[in-house]
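Spelled out, the chains give:
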Amino acid sequence: MDKTRVAVLGAGVQGLSTALLLLHSGAASVTVVAHARGDRFDARDPSFASPKAGANWQTFAGDADHRLQEYDEATYYTLWSLSFLPQCGIWRLPGFQFFDEKPADFKHPWYARFTKGYAFASEDELPPSKKFGIKYETVTMNVPKYLTWLTERVKAMGGTFIQVSQPLAHWEDAFKHVKGGKADVVVNCTALGSATLGGVEDKEMYPVRGQTILVRAPQVQRTIGTALSLGGYRGANNQAEAEKKVTYVIPREDGIVILGGTYQKGNGSMEIDMKTADDIMSRCIAICPELVQGGRLPEIVEHSVGLRPARYGDCRLDNQYLKTSTGMDVLFVNNYGHGGYGYQSSWGCASTVVKMIRRAIGVAHDDKTLTAFLRDTVGAESRESKL
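Structural notes, computed from the coordinates. (Residues numbered from 1 in each chain as written. Predicted model: local features only at pLDDT ≥ 70, side-chain atom pairs only at ≥ 80, totals over all residues. Heavy atoms only, no water.)

## Re unusual backbone geometry
Going from glycine 260 to glycine 261, the amide bond is cis rather than trans, its omega being 5 degrees. By the element assignment, glycine 261 lies in the loop between strand E11 (256-260) and strand E12 (264-265). Residue alanine 191 is not a glycine yet carries a positive backbone phi of 55 degrees. Along the chain, alanine 191 turns up in the loop between strand E7 (185-188) and strand E8 (205-216). Unusually for a residue other than glycine, aspartate 314 sits at a positive phi of about 80 degrees. Looking at the secondary structure, you find aspartate 314 in the loop between strand E13 (299-311) and strand E14 (316-323). (Helix = DSSP H or I, 4+ residues; strand = E, 2+ residues; numbered from the N terminus.)

The structure is reproduced here in structure tokens:
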């Protein structure tokens, strides 16, 4: 890949992870073209979801979803190894999933075989409203810190950032911002922007509104979620709790805790609904009593709304050769539509992009791409880099 020039469209977690792994894989040049990035964005921008994410590893993949399982498992190991670098803002801690009662058809989930410390939650770990739970060691990301780290690593590896004033009208417009006006490969990581990006215009994309509250609560030392409807477990009577309410508690290493949330399909509103906020606070306290200290509610730092970039038919990772208006053949790779699992699938998806590019240009693929990345990034003492 040492002669391959790449343009990555989008500077969210998928775009940054992909750009960094391409540089580590030997791409001649990588230019990230985006109208927003983690350290420079409008909080009300509906198309840029990464800074609004809770950002923990809690898979959405069901037992039969082998493609997403592959992405998520690779990402679990990678994030775990990166967590030993304090500058990443990744925190290792226990993660819990709670249920009203133990499902009649319960079976251990697919990720039980590799997540550290997988077990049933003990009675004293359950909140009063729940009768059953599982737990395992997981990670959360301090999003501002993590996105900054990814950005700086891309720069340190020789990558270039071009921030445009408006989203690109057409993917070919990226060439206006790339050195020499040419690229051999374009990787589309524009998330919700793929619905309107010329040459893509994916009508399967739709927003899923998520409202959260950021509070200061350093005493919270575990992630908590109720059963997920997108794969994973279903509660009593085979009805997924998440189809009624999405409730989660995600602490970060700096003492900030994300309380959520909502899962409002097709809702593109960026307005804060205070009635919803009150409901979120009540639901989170019910599953995480330690939020309340001395009878006092946690300090509210911020109310936030983000739009998950969801896609009918799941995320899109594919590639094809396209001809530009000047007759140049360009390998065009799509990596978008990850909904609420962008962070927890990011490194698995980035590795898949590298694999697709290598195959397309006739370069032998090394299945140890992520292992090499961790060795170079974390060092020879990197733990758990068994990819």
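## Things to note about the packing of helix H2 (residues 66-82) against helix H6 (residues 369-378)
Where H2 meets H6, the closest approach of the two axes is 10 Å, and the angle between their N-to-C directions is 10 degrees. Looking at the two axes, H2 sits roughly parallel to H6. In contact with Ala74, Thr78, Ser81 and Leu82 of H2, H6 contributes Leu370, Phe373, Leu374, Thr377 and Val378. Class assignment of the residues belonging to the contact of H2 with H6 gives a composition of six nonpolar, three polar and no charged. (Axes fitted to C-alpha atoms, helices over the stretch in contact; angles between N-to-C directions. Parallel < 35°, antiparallel > 145°, perpendicular 65-115°, else oblique. Contact = heavy atoms within 4.5 Å. Nonpolar A, V, L, I, M, F, W, Y, C, P; charged D, E, K, R; others polar.)

## Some details on helix H1 (residues 13-24)
Its 12 residues place the ends of H1 16 Å apart at the C-alpha level, agreeing with the 16 Å of an ideal helix rising 1.5 Å per residue. Among the 12 residues in H1, 12 count as buried, and that is most of the element. Taken as a whole, H1 has its buried residues at Val13, Gln14, Gly15, Leu16, Ser17, Thr18, Ala19, Leu20, Leu21, Leu22, Leu23 and His24. Glycine 26 occupies a position one or two residues after H1 and carries a positive phi of about 100 degrees. (Expected span 1.5 Å × (residues − 1). Buried < 20%, exposed > 50% of the residue type's maximum accessible area, 1.4 Å probe, protein only.)

## Focus on the packing of H2 against helix H5 (residues 346-361)
Running from N to C, H2 and H5 point in directions that differ by 110 degrees, and their axes come no closer than 6 Å. Between H2 and H5, the interaxial angle falls into the category roughly perpendicular. The element H2 and its partner H5 pack so that their crossing is right-handed. When H2 is examined against H5, the residues Glu70, Tyr71, Ala74, Thr75, Thr78, Leu79 and Leu82 are found in contact with a partner set consisting of Ser346, Trp347, Gly348, Cys349, Thr352 and Lys355. (Left-handed = near helix turned anticlockwise from the far one by under 90°.)

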